[in-house]
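Residue-level listing of the chains:
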Amino acid sequence: MPSILIKNAQIVTMNAQEEIIQGDLLIVDDKIKSIGKDLGNQADRVIDATNKTVIPGFIQTHIHLCQTLFRGQADDLELMDWLQKRIWPLEASHDEESSYYSAMLGLGELIQSGTTTIVDMETVNHTDSAFQAMAESGIRVLAGKVMMDMGDDVPDLLLEDTAKSIQQSVDLLEKWNQYDNGRIQYAFCPRFVVSCTEELLVEVRDLSNHYNVKVHTHASENRKEIEIVEQQRGMRNIVYLDHIGLANEKLILAHCVWLDDEEKRIIKERGIKMSHCPGSNLKLASGIADVPDMLELGANLSLGADGAPCNNNLDMFNEMRMASLIQKPIHGPTIMDAKTIFRMATIGGAKAVGLEDQIGSLEVGKKADVAILDLNKFHTFPSAEVDPVPRIVYSATRADVESTIINGKIVMEKGTVKTVDRDLVLQESNKSIKRLLKRIPSIMKVSS
Ligand code: GUN
Ligand code: FE
């Protein structure tokens, strides 16, 4: 079995005691075999990590790989305009090839910046191509095709027949769920209540129970969105999700910016997993989620960059820094300290995807999902007498990620992503976006 020995590192374990260990980490096959002082030199690959910092790979619980090609195509808009005027027409214009390269572009960025697991919401069509890219990239993922069977200003190519949306989701689930020994898992992804009939949402609830898979959706991101939901369904958004039986521990909700006290209580009591996306929430002018309150309630919190056209990066270092700093003027300097943030970026994400016994910390027996950081830089020094966690959260950047290991495989080394052909992907992403933009005028003819 292939083995990797990382020597002489500062290991930020994020285990229950949040221990920081100076020593070695041995990976055998896809798992962490041992952690300790001087584990010898016997491995297929020995990495000298003297003065390097080893952390659990980041877990981003809300990403849209299908939107990476749209980076820079939808700036400075608020959610509903952003969707109706830019994102939906662009998503409708995707083809198999563009979906593949959009995913590869995002995966390259994610892996290079130390993210090892994502929750990914694709678009309506061509999700198989995105799964192909995810399979090749080596990333760990919970992903699904988006489902949308109603809504205003939705291009015909995205507006689905309810039964077909469900059938296509089930077909993708049967093809990809548990692929590569569980590295890929399927999640049902109704877009948000605004885009989905009750019939669809109720069916998703039943299928999620039947297959025991997660449900991932957007919720209460924007004020207009929650107004539309209240008008259509006669209740507040999270109350509605609870009313139809979707509010349970398998539900991962992106955003949750506009919640009242009852909704906060529902999230906590039902064990819903909340994915906080500070960069996206600021750029789309959505608002600032009350994360300190949710943490105090004991809800499960994790972080995500959302899509490239609303951020415009897929970089966990950015999200960690923002998640901390945006709360301090509101709640005071001690709130959202670096440890709290780093927990959200690692073990919090693991709990969100239901893999806390396998990922999210560096512990013997867990999957080997690891990032090696080189913090020997001007912007991260001094290294003496400082806690590594605030050093990572407040000072480090993605350029400090030297290597990324996922499932025991080195997928990025010395800045080069081995599973994504950078030159090809950059070139093809340009070709793809040009082709997609040319298609938009015909796609924009919406019939209704
Ligand atoms: N709400 C519904 N769809 C989307 C999307 O694609 N991105 C974001 N940020 N919010 C959404
Ligand atoms: Fe999103």
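Residues numbered from 1 in each chain as written. Chains lettered and ligands numbered in written order. Predicted model: local features only at pLDDT ≥ 70, side-chain atom pairs only at ≥ 80, totals over all residues. Heavy atoms only, no water.

1. Digging into the pairing of strand E15 (residues 370-373)
Working note: regular strand, side chains alternate between the two faces of the sheet. The side-chain alternation of E15 yields two buried faces, one formed by Val370 and Ile372 and the other by Ala371 and Leu373. Here strand E5 (residues 53-56) runs beside E15; their pairing, made up of 4 bridges, is antiparallel. Among the inter-strand pairings, Val54 is bridged to a residue of E15, identified as Ile372. Inspection of the sheet shows E15 paired to strand E16 (residues 401-406) by 4 bridges, in the antiparallel sense. Within the sheet, the bridge partner assigned to Val370 lies in E16 and is Ile405. (Buried < 20%, exposed > 50% of the residue type's maximum accessible area, 1.4 Å probe, protein only. Helix = DSSP H or I, 4+ residues; strand = E, 2+ residues; numbered from the N terminus. Pairing = 2+ DSSP bridges.)

2. Quick word on the packing of aromatic side chains
Tallied over the full model, the rule gives 7 aromatic pairs. Here the aromatic rings of Trp176 and Tyr179 are separated by 5.1 Å at their centres, their planes lie at 55°, and the arrangement is tilted. Here Trp176 falls in the buried class, since its relative accessible area comes to 3%. Grouped by ring-pair contacts, the aromatic residues Phe131, Trp176, Tyr179, Tyr186 and Phe188 constitute a single cluster. (Phe/Tyr/Trp six-rings, centres within 6.5 Å; stacked < 30°, edge-to-face > 60°.)

3. Some points on the UniProt feature "domain: Amidohydrolase-related" (unreviewed entry) in the protein
Here, the residues flagged by UniProt with the feature "domain: Amidohydrolase-related" (unreviewed entry) are residues 53-411. The span residues 53-411 is 42% helix and 18% strand, and its two end C-alpha atoms sit 18 Å from each other. (UniProt positions renumbered as here; feature names shortened; annotations may be inferred.)

4. A word on unusual backbone geometry
Cis rather than trans, the peptide bond between Asn311 and Asn312 has omega equal to 5°. When you line up the elements, Asn312 lands in the loop between strand E14 (300-303) and helix H12 (316-325). Of note, the amide linkage connecting Phe381 to Pro382 takes the cis form, showing an omega dihedral of 5°. In this fold, Pro382 is placed in the loop between E15 and helix H16 (388-395). Non-glycine residue Asp76 carries a positive phi angle of around 65°.

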